[in-house]
Amino acid sequence: MTVPQHRLLKTEIPGPRSRDLQARKLAAVSSGVGTTLPVYVTRAGGGILEDVDGNRLIDFGSGIAVVSVGNAAPRVVSAVQEQVADFTHTCFMVTPYEEYVAVAEQLNELTPGTHEKRSALFNSGAEAVENAVKIARHATGRQAVVAFDHAYHGRTNLTMALTAKNMPYKHRFGPFATEIYRVPMAYPFRWPTGPERCAEEAFDTFVSQVHTQVGESNVAAVIVEPIQGEGGFIVPAPGFLRSVASWCAEHGIVFIADEIQSGFCRTGDWFACEHEGVVPDLITTAKGIAGGLPLAAVTGRAELMDAVHGGGLGGTYGGNPVACAAALGAIETMRAERLEQRARRIEAVMRPRLDALAAKHDVIGDVRGRGAMLAVELVEPGTLTPNPTAMAAVAAACHQQGLVTLTAGTYGNVLRFLPPLVIGEDLLSEGLDILEGAFASAL
Ligand code: PLZ
C-alpha cells in the first residue's frame, strides 16, 4: 500500500491549502453541491485519506460505502490501467465487449437466489433504481410503486419521489413523479408499541395501507433497502422483509431490494437481504461494485429482465469498459480477501466499543447496523427526541482529530460508520478511541 497507514495531523483540519481550495470551490462550484468535510484529498488507500496539507485522516466513510475494497485497490488499479490503454469506450449498445458480459455473469452468480438471472448495467445508483422501476412496470403492466418511510433511492426525478426526506433532497424540486405510495418502515427503535411487536404490526399496516389506498393489482413493485442507508442505518425488525417479499410474490408484485449501499460484502454477507433469507425479484447495486468507478446494475429474474423490448434499456455510458474492468478487479478482491468475513470482524471489534459508549453516554439511544455498516442514533437523554445538535458536535470533534465520519438520519441525528473493509485493526481501534474522545469532549 503506497499511503502510510498511520494518522498524521500536520495542521488544523481543514488545513490552509484545503481552505484555499475551498475558497476556489465556493467561487467555481454550485453551492447546491455540499461537502461534509472540506479537506482536499491527494492520495488514499487502505483506511487512510491524505490531504493537500499532508494530513492523514482515518476513513470511516469509504466515500459513502463505495471503496469497500480500499481506495486505489491494487486489483482495481491494474485492471483499470490495462483497460484504459486498450480502449475507453465503444458504447455497449453499438459494438459490445466482453467486460460488460463478465460483470453481468458475476452479478447473476453472486446475488441471492439460484433462479435464472439477467443483468443490465448503468452509471449511478439512481439510474439503476429508475431502470428497476421501468422493468417492473413493463413486466407487470402496472404502475404503482410502494416505498417506505426513511427511504433513500436517489436524486433524479423518479428517485426523489421514492426518497422520503424533504431536506435537502426534495425541497422545492417538485413536482415529483406520480404513482409512488409511502408506507411505514418497521423501525424497531421508534415503533410506537416497542420493538417486540414491530415486525408484525408494521407488516399488518403495510398490507392494509396498500390494500385500501392503492390496491394490490395496481402495484408494479415494492422497493426497499434491506438496511436503510441515508435514512439512518435502520435495520428492519427481523422477519419484516421476509413477510413483505412473500406477500409480493402472492400478489404478482415485483420485490426490489435496493442494495446500493448495503451490498458487496458491507454487512457481512455479499448482500444484506441474505441475512433475512430474502430472495428479491430485482436487486439494484452500485457504490461498492467497482472500487470507486461509476457503475451500477439491475439484476433479477430472467423473465422480468427479458420482458422488456430490445432497445428499451440502455444509455451511452452504461457499463463503460473501464468501470467494468474496475468491477471485475473489485469483485476478485472481495472474493480473494473474503471481505464479507472482514465486515463481520469489523462488527466484532466495533459493536462492543459502541455498546460501551452507549452505556456511558445517555445521548446514545440506539446502536445498530450489521457488519461494517454501523451507527448510533442520538437523542435527548431518556427520550426519543432526536438530538441533531449532539450529533453535529461529535462529528465536528471527530473531524478535528482526523477521523472522517458521516452522518445520516431522517432527523439528522445518526452518526454512521462505513470503514473500508480492508482497514487495519489498529486504525479501526484508533478511530474508535477518537470517537470516544469526541463524545467526552463535545458533550
Ligand atoms: N439507493 C440505497 O444509498 C446513494 C447518496 C449521497 P447514486 N446514497 C448516497 C447523496 O447525498 O447524494 C444511494 C443509496 C441507495 C440509491 C442511491 C443513489 O445512488 O449513485 O448516488 O445515484
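Now for a look at the structure at hand. (Residues numbered from 1 in each chain as written. Predicted model: local features only at pLDDT ≥ 70, side-chain atom pairs only at ≥ 80, totals over all residues. Heavy atoms only, no water.)

1. Considering the overall build of the protein
Per the secondary structure count, the protein includes 13 helices and 15 strands. A compact globule built from 443 residues would reach a C-alpha radius of gyration of about 22 Å, and the protein, at 21 Å, matches this within 12%. Along the first, second and third principal axes, the C-alpha set of the protein runs to 60 × 60 × 45 Å. Every one of the 443 residues in the protein was classed for burial, and the buried ones make up 56%. Within the protein, contacts between residues at least 6 apart in sequence are counted, and of these 73% link residues at least 24 apart. (Helix = DSSP H or I, 4+ residues; strand = E, 2+ residues; numbered from the N terminus. Rg over C-alpha atoms; globule rule 2.2 N^0.38 Å. Buried < 20%, exposed > 50% of the residue type's maximum accessible area, 1.4 Å probe, protein only. Contact = heavy atoms within 4.5 Å.)

2. So, the sheet that holds strand β13 (residues 403-404)
Spatial ordering of the open sheet is given by β1-β2-β3-β13, a layout of four strands whose pairing is mixed. Every interior strand has two partners, whereas the edge strands, β1 (41-45) and β13, have only one. (Pairing = 2+ DSSP bridges.)

3. Notes on helix α10 (residues 321-336)
Relative to the 22 Å expected for 16 residues at 1.5 Å per residue, α10 spans 22 Å between its end C-alpha atoms, a close match to the ideal helical length. Of all 16 residues making up α10, 12 are buried, and the element is well covered by its neighbours. Listed as buried for α10 are P321, V322, A323, C324, A325, A326, A327, G329, A330, I331, T333 and M334. Capping of α10 at its N-terminal end is provided by N320; its side-chain oxygen lies 2.8 Å from the backbone amide nitrogen of V322. Taken from the residues just after α10, R338 is the one with a positive phi, measuring 45°. (Expected span 1.5 Å × (residues − 1). Polar contact = N/O pair within 3.5 Å; in protein donor to acceptor, adjacent residues only side chain to side chain.)

4. A word on the side chain of E216
On the secondary structure map, E216 appears in the loop between α7 (198-214) and β7 (219-224). Here E216 occupies a buried position and makes no salt bridge, while the nearest side chain of opposite charge, R142, is found at 8.5 Å. At 2.9 Å, the side chain of E216 and the side chain of H211 are in polar contact. For E216, the contacting residues outside a window of four places in its chain are R142, V210, H211, W247, H251 and I253. (Lys, Arg positive; Asp, Glu negative; His and termini not counted. Salt bridge = Lys/Arg side-chain N within 4 Å of Asp/Glu carboxyl O.)

5. Overview of the sheet that holds strand β12 (residues 373-378)
The strands making up a sheet associate through hydrogen bonds between their backbones, and the pairing can be parallel or antiparallel. Reading across from one edge, β11-β12-β15-β14 is the order of the four strands in this open sheet, with antiparallel pairing throughout. Two strands close off the open sheet at either side, each with one partner strand: β11 (364-370) and β14 (406-408). Averaged over neighbouring strand pairs, the angle between their axes works out to 25° when direction is ignored. Pairing of β14 with strand β15 (residues 414-417), which is carried by three bridges, proceeds in the antiparallel orientation. Its bridge partner being in β15, T407 is matched across the sheet by L415. Helix-sheet contacts for helix α12 (residues 388-400) involve β12, β14 and β15, and the interaxial angle to β15 is about 40°. Sitting on the sheet, helix α13 (residues 425-442) is in contact with β11, β12 and β15, with an inclination near 165° to β15. (Axes fitted to C-alpha atoms, helices over the stretch in contact; angles between N-to-C directions.)

6. Regarding the pairing of strand β10 (residues 296-301)
Of all six residues that make up β10, five are buried, and the element is covered over most of its length. In terms of strand pairing, strand β4 (residues 117-122) meets β10 through six bridges, oriented antiparallel. Residue pairing for β10: S119 is matched across the bridge by T299. Alignment of strand β9 (residues 282-285) against β10, held across four bridges, turns out to be antiparallel. Its bridge partner being in β10, L282 is matched across the sheet by G300.

7. Description of unusual backbone geometry
Here the bond from I13 into P14 is cis, since omega is -5°, no more than 30 degrees from zero. Take P14: it is sitting in the segment before α1 (16-28). Cis geometry marks the peptide bond from G174 to P175, where omega comes out at 5°. Along the chain, P175 turns up in the loop between α6 (157-162) and β6 (180-183). At I64, a position not held by glycine, the phi torsion is positive, near 60°. Turning to its location among the elements, I64 is positioned in helix α2 (residues 62-65). For C265, which is not glycine, the phi torsion reads 75° and is therefore positive. Within the secondary structure, C265 sits in the loop between β8 (254-258) and β9.

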